[in-house]
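# Overview (structure and organization)
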Amino acid sequence: MEHSKRFERRAERAINRDSFIREWPETGLVIFNSPSDPDPGIRVNGGRITAMDGRPEAEFDMLDRFIARRAIDPAVAEEAMRLDSLAIARMLVDFHVPRAEAIRVVSGLTPAKIVQVVDKLNVVEMMMALQKMRARRTPSNQAHVTNKKENPALLAADAAEAVERGFSELETTVGISRYAPLNALAILIGSQTGRGSALTQCAVEESLGLRLAFLGLTTYAETLSVYGTEQAFRDGDDTPWSKAFLASAYASRGIKVRFTSGSGSEALMGHSEGKSMLYLETRCLMAIKGAGSQGVQNGSISCIALPESLPGGVRGVLAENLIAALLDLELASGNDAMASHSDIRKASKLMLQFLPGTDFIFSGYSSMPREDNLFGGGNFDAEDLDDYNVLQRDMLVDGGVRPVSAPEAAAVRRRAAHAVQAVFDELGLPPISDAEVEAAVAARASGDMPDRDMVADLAAVEEFLRLGRNGLDVIRALARRGFADIAEKILAVQRLRISGDYLQTSAVALPNGQVRSAVNDPNDYAGPGTGYHLSPERLAEISAIPQALEPAEIGIVDGSASRPWLRECHDACPGTDSSEIVIALGPAFGSALGATLLGLPHRDVLAALTGGIRAEGMRPRVVKIYATSDCGFIGHAGAQLSGSGVSIGIQSKGTTVIHRRDLQPLDNLELFPQAPNLTLESYRVIGRNAAKYAKGEPVLPVPTQIDNMARLKYIVKTTILHLRETEQVRKDKPAQEVQFA
Amino acid sequence: MPEYPLSQHAPDRLKTPSGIPFSEITLEAVMAGRLSMEDLRVTAEALELQAQVASEAGRPQLAENLRRAAELVDVPSERILEVYDALRPGRATPEKLARLAEAMEREYGAVRCAALIREAAG
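Residues numbered from 1 in each chain as written. Chains lettered and ligands numbered in written order. Predicted model: local features only at pLDDT ≥ 70, side-chain atom pairs only at ≥ 80, totals over all residues. Heavy atoms only, no water.

Quick look at the sheet that holds strand β6 (residues 199-203) of chain A now. Residues and elements named next belong to chain A. Pairing is parallel in the open sheet, where 4 strands are placed in the order β6-β5-β4-β11. Only two strands of the sheet have a single neighbouring strand rather than two, namely β6 and β11 (363-366). Between one strand axis and the next, the sheet turns by 35 degrees as a mean value, whatever way the strands run. Bridge analysis of strand β4 (residues 142-144) against strand β5 (residues 169-173) gives 3 bridges, and the strand direction is parallel. Looking at the pairing, histidine 144 lines up with glutamate 171 of β5. (Pairing = 2+ DSSP bridges. Helix = DSSP H or I, 4+ residues; strand = E, 2+ residues; numbered from the N terminus. Axes fitted to C-alpha atoms, helices over the stretch in contact; angles between N-to-C directions.)

In structure tokens:
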């Protein structure tokens, strides 16, 4: 095999730890258009669908039967199915076609037709369609909150920080399922501690999940999984009817539910029937629609690496998100499981949901470090939060998150940990120590937490359930121990169960007990100037990342700290001494500014230059140029004054040139444009070289490093220092003779 | 159509299953022991209002789900889990499902749930 070091290096890159395969349609390892996918078609007789996608009613499988009966509007079907797929695809992208009209047309389409329509779109068109078709106008986000030690103080602190950061829903789960009530309790308290409010859920087995919700320890559920073939559905131990009934059961207790689906699950379970992932996912989504769910989390979810191994996999995942929106379902759009080893690939994939916006961009952003994520990853985690905030700020896109400073985070973390400590105490649960509270405030991950007595915790859970402890006990405990504000907010969320307001599509809870959903915040996108816009407050919020500096404060010289060391004597005249090398300073050098870009004090820089000149037996003479702040012109002006004709021009930020009287202003003997690469030793060598040029000796140019990151790192400071120098320019002021100590 | 959100625009139409008005669900009432967890549940009336909201918003399936839910408000949890279980694959014969549907209809007037169960039976 040919040997190439470049190929070797690329082979080591993160992207090449991902798996890639060719399509294999017979096993369902194909995104769109498997040869086994049916052609679209429908027959309606007397308001009843009697054939669909090439199958007569007598041959319907379980999903066909459910979809034909409950998901397709027979009154629209014949009209909609007659439309050309390309024409429908254009309707989705065309903002002159109202969202409601697109929804109406799609309500009459079969699964095969929907797939055919969406396959007409490229990813940009899909994003445009998603921007128009998502249900809620304001995008939001969901966070995962778990930790390996199931530490309640850390769970509460992480929940509180996640809500402070703007997440609208929190999902926890358990390593040991018996911990579920305590984990649910901890995030319930944390979720209402900060300035926000969030709905909470605990992903556990179905009946335990229902029980936690009945007890008021959780407020929504997301675990109702659906599959696109009959056999996969059966392996999931459900039917569309059992899931539909379960959805009603949750709603009967006033609990919000969304279903879960995602491409790839059928192939993974070995039951794809040779159908494409997107065709099967569309069947899932239509079953979900037929079951009367307000929404779904999809986007391949935990199977994500499987579609991503195939051509068009990431596009397919966006397509399934879009189809959920076309079916008018709340969309929590995945991005929750590890999708790649490559940061480039992960971030690129995210853009497909982040840019158009979805009801929940992540159906689980890992609010803690990945190692503590019990959902198996988290495509983005706590350590990526600054990146995420910058992406929002860069593109002025609302990703549902806000920047939070370290002190703000510590404050809500401490309060949440104290609150859960008090509730544990009040309810007779094993104590949470003050040390545990403080550890939870500062912890990076559960490894920083003291170990708890797990035997005691688990015994306490059993007692907790036996006594029938519930949300009201938590509210009372909080109020008794000085956390009435948290108690009020938890009660406000519980009140939602009486109004049922958050059972409507795409509902999120607001801190004042109100609800924002697709009903009172419907997506009204109809082209530029419509739809969701960042409010001035939200714009300010996402712009104000804590690491953003005040530009006016950069490079300010604290005048009180040092006495002036440069003294201007008089107007400078042309010199006559042929051993004289002029050092021409920029107008802010040693006065308005005190140090170079790299932070070298001007005084030391000047000493290095003069030292270098003297070492060659020449005489330095220092002048200050006021007419310009440009390095070439400063050097040029200096050269006109120099007895030897050679000068060194230096800007305050440290950029330096060696000039000679006979050269054009922007020409030079040597130029050192990258000030960050210049050390005091470099300045000394520059001084020596200038002297050698004047003596007519051969000169070895000053060695300079190439640092391609220097511009990236210093461009802001460069701009501001240059701005300050330019402020000192006095066009008509002659160069000044300078003395320095 | 009822004005949504109900909690904001029509709180007077909301109450707990035990008849406590929405406005009286306060921290003070919780502390005084006037509320139990059983009170913090949606009523069939509120679910019907929400079904109307969903229907008006063009979401007939969601409305249907909320109306099925309204039928289940007074059905005990154990009974709900029993029906759920019977609907899972391979659990119940069509005859058993037919009997369950009939019972839901007779005991709770749950005609929509009964229709769902019958449809599942094939």
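All names here are of chain B. Domain parsing of chain B yields domain 1 (1-72) and domain 2 (75-122). Here the C-alpha centre of domain 2 lies 25 Å away from the C-alpha centre of domain 1. Listed as interface residues are 5 residues of domain 1 and, on the opposing side, 10 residues of domain 2. Together domain 1 and domain 2 conceal approximately 700 Å² of surface at their shared face, both sides included; 58% is due to carbon and sulfur atoms. Its largest share of buried area at the contact with domain 2, domain 1 owes to Arg68, Glu71 and Leu72, together 80% of the area lost on that side. If you look at where domain 1 meets domain 2, you find 1 salt bridge. Across the pair arginine 112 and glutamate 64 runs a salt bridge, and its minimum N-O distance is 2.7 Å. Remark: the boundary between domain 1 and domain 2 carries 5 residue pairs in polar contact (both at pLDDT 80 or more). Taken together, the residues of the side of domain 1 that touches domain 2 sort by class into 1 nonpolar, no polar and 4 charged. (Domains from an automatic or database assignment. Contact = heavy atoms within 4.5 Å. Buried area = accessible area lost by both parts, 1.4 Å probe. Salt bridge = Lys/Arg side-chain N within 4 Å of Asp/Glu carboxyl O. Polar contact = N/O pair within 3.5 Å; in protein donor to acceptor, adjacent residues only side chain to side chain. Nonpolar A, V, L, I, M, F, W, Y, C, P; charged D, E, K, R; others polar.)

Glancing now at the side chain of serine 342 of chain A. All names here are of chain A. Locating serine 342 in the fold gives a position in the loop between β10 (330-332) and α16 (343-354). Among the polar contacts listed, one links the side chain of serine 342 to the backbone nitrogen of isoleucine 344, at a separation of 3.2 Å. Those residues within four positions of serine 342 in sequence are excluded, and the remaining contacts are Ala14, Ile15 and Asp18.

This paragraph deals with the domain arrangement of chain A. According to the domain assignment, chain A consists of domain 1 (148-192 + 201-542) and domain 2 (566-740). The centre of domain 1 of chain A, based on its C-alpha atoms, is set 60 Å off from the matching centre of domain 2 of chain A.

Before going further, it helps to spend a moment on the packing of helix α12 (residues 240-252) of chain A against helix α7 (residues 111-121) of chain B. At a minimum axis separation of 9 Å, α12 of chain A and α7 of chain B run at an interaxial angle of 165 degrees. Relative to α7 of chain B, the element α12 of chain A is oriented roughly antiparallel. The crossing of α12 of chain A and α7 of chain B is left-handed. Residue-level inspection shows Trp241, Ala244 and Phe245 of chain A of α12 of chain A in contact with α7 of chain B, the latter providing Cys113, Leu116, Glu119 and Ala120 of chain B. (Parallel < 35°, antiparallel > 145°, perpendicular 65-115°, else oblique. Left-handed = near helix turned anticlockwise from the far one by under 90°.)

Turning our eyes to something else, we now look at the sheet that holds strand β3 (residues 55-56) of chain A. Residues and elements named next belong to chain A. Read from one edge to the other, the open sheet built from 3 strands follows the order β1-β2-β3, with strand pairing classed as antiparallel. Bordering the open sheet on either side are β1 (42-45) and β3, each of which pairs with just one other strand. As defined by bridge partners, β1 adjoins strand β2 (residues 48-52) across 4 bridges and the pair is classed as antiparallel. For arginine 43, the partnering residue across the bridge sits in β2 and is alanine 51. Docked against the sheet, helix α3 (residues 74-82) engages β1 and β2, running at close to 140 degrees with respect to β1.

A word on the pattern of salt bridges. Oppositely charged side chains may form a pair once their charged atoms are brought near each other. Residue and element names in this part refer to chain A. Per the counting criterion, the structure on display carries 73 salt bridges over all chains. For lysine 346, the salt bridge identified is with aspartate 343, shortest N-O distance 3.8 Å. Note that lysine 346 and aspartate 343 are positioned in helix α16 at a spacing of 3 residues, about one turn of the helix. You can call lysine 346 buried: its relative accessible area is 7%. A salt bridge links aspartate 577 to arginine 619; its shortest N-O distance comes to 3.0 Å. (Buried < 20%, exposed > 50% of the residue type's maximum accessible area, 1.4 Å probe, protein only.)

The next subject is the packing of aromatic side chains. Residue and element names in this part refer to chain A. Applying the stated criterion to the full structure yields 10 aromatic pairs over all chains. Ring centres of phenylalanine 66 and tryptophan 241 lie 5.3 Å apart, and the angle between their planes is 90 degrees; this geometry places the pair in the edge-to-face category. Placement of the pair is phenylalanine 66 in helix α2 (residues 62-70) and tryptophan 241 in helix α12, with a sequence separation of 175 residues. Taking the relative accessible area as the measure of exposure, tryptophan 241 reaches 1% and is therefore buried. Relative to phenylalanine 740, the ring of tryptophan 565 lies with its centre 6.3 Å away and its plane at 85 degrees, an arrangement referred to as edge-to-face. Placement of tryptophan 565 in the loop between α23 (536-543) and β14 (566-571) and of phenylalanine 740 in strand β20 (residues 736-740) is noted, with a sequence separation of 175 residues between them. On the basis of relative accessibility, which here comes to 30%, the residue phenylalanine 740 falls in the partly exposed class. Sitting above the plane of the phenylalanine 360 ring, arginine 258 keeps its charged end 4.6 Å from the centroid. Sitting over the face of the ring of phenylalanine 380, lysine 346 holds its NZ or CZ atom 5.9 Å from the ring centroid. (Phe/Tyr/Trp six-rings, centres within 6.5 Å; stacked < 30°, edge-to-face > 60°. Lys NZ or Arg CZ within 6 Å of the ring centre and 35° of its normal.)

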